[in-house]
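Observations on the three-dimensional arrangement
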Amino acid sequence: MRENFFKRPTLVVARELLGCYLVRRWHGKEMGYMITETEAYNGFNDKASHAHRGKTKRNSVMFGRPGYFYVYLTYGMHYMLNIVTGEEGFPAAVLIRGVNGISGPGRLTKALHIAKYQNKKPADKKIGLWVEDREVAVSPREIESTARVGIHYAEEWVEKPYRFLLKK
DNA sequence: ACGATGATGAAC
DNA sequence: TTCATCATCGTA
């Protein structure tokens, strides 16, 4: 997937990632997983986003170029995999919450051996983790949107339908 | 349904 | 130094 795919509004990218494949090369083998669940984190004003308090050492990659991974540890034990979206300078990213056969963002990173190695790296074959469009058609009616998970503190942003799931 | 878990960033 | 967290698992 090219950088221009990610250099678009976060909500659009979060939707369109559904049905795409997250591909991992590990010990010489490639495994592709269809993305089934995403969440959008959109700009300075989004109180659920790490970026809303401004740029920090941790979230700085969100302010950079689109198509890069933002991986961080939450609750002291689970890595979350995000891909930076939008124009450079605008802090936004899509959290990959689930793929076919694996639900939950923490389980996903554990299963695909994703940790800080991928943080601040571009989604590219060179680092063994990237996204492919395999021409799987996903129509808008097959997509469900709901409120995001685990962001009770985000006030008026709690209810925003920024979580996208492929219906079964 | 609920509490324990637990490392790190960011605020106080 | 203290608080809170983009979750999961175990025990009910």
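Residues numbered from 1 in each chain as written. Chains lettered and ligands numbered in written order. Predicted model: local features only at pLDDT ≥ 70, side-chain atom pairs only at ≥ 80, totals over all residues. Heavy atoms only, no water.

A few words on the pattern of salt bridges. One pass over the full model with this rule turns up nine salt bridges. The partner of Glu 39 in a salt bridge is Arg 97, and the shortest N-O contact between them spans 3.6 Å. One end of the pair, Glu 39, is in strand β2 (residues 29-42); the other, Arg 97, is in strand β5 (residues 92-99), and 58 residues separate them in sequence. In this structure Glu 39 comes out as buried when scored by relative accessible area, which is 0%. Judged by its relative accessible area of 12%, Arg 97 falls in the buried class. (Salt bridge = Lys/Arg side-chain N within 4 Å of Asp/Glu carboxyl O. Helix = DSSP H or I, 4+ residues; strand = E, 2+ residues; numbered from the N terminus. Buried < 20%, exposed > 50% of the residue type's maximum accessible area, 1.4 Å probe, protein only.)

The next point concerns the nonpolar core. Core analysis: the biggest nonpolar cluster contains 50 residues, and Leu 17, Leu 22, Ile 35, Leu 81, Ile 96 and Val 99 have the highest contact counts within it. Not counting residues up to four positions away in its chain, the partners in contact with Leu 22 are Met 31, Gly 32, Tyr 33, Ile 35, Leu 81, Val 99, Leu 108, Leu 112, Leu 129, Trp 130 and Val 131. (Core = buried A, V, L, I, M, F, W, Y, C linked by side-chain atoms within 4.5 Å. Contact = heavy atoms within 4.5 Å.)

So, about the protein's contact with DNA strand B. Near DNA strand B you find Arg 53, Thr 56, Lys 57, Arg 58, Leu 73, Tyr 75, Gly 76 and Met 77, and these make up its full shell. Here, DNA strand B places atoms within 4 Å of the protein, and 61% of those atoms are sugar or phosphate. In the model, a phosphate oxygen of DNA strand B is placed 2.3 Å from a nitrogen or oxygen of the Thr 56 side chain. Contact distances for DNA strand B include 3.3 Å between a sugar or linking oxygen and a backbone N or O atom of Gly 76. Grouping the constituent residues of the surface near DNA strand B by class yields three nonpolar, two polar and three charged. (Near = heavy atom within 4 Å. Polar contact = N/O pair within 3.5 Å; in protein donor to acceptor, adjacent residues only side chain to side chain. Nonpolar A, V, L, I, M, F, W, Y, C, P; charged D, E, K, R; others polar.)

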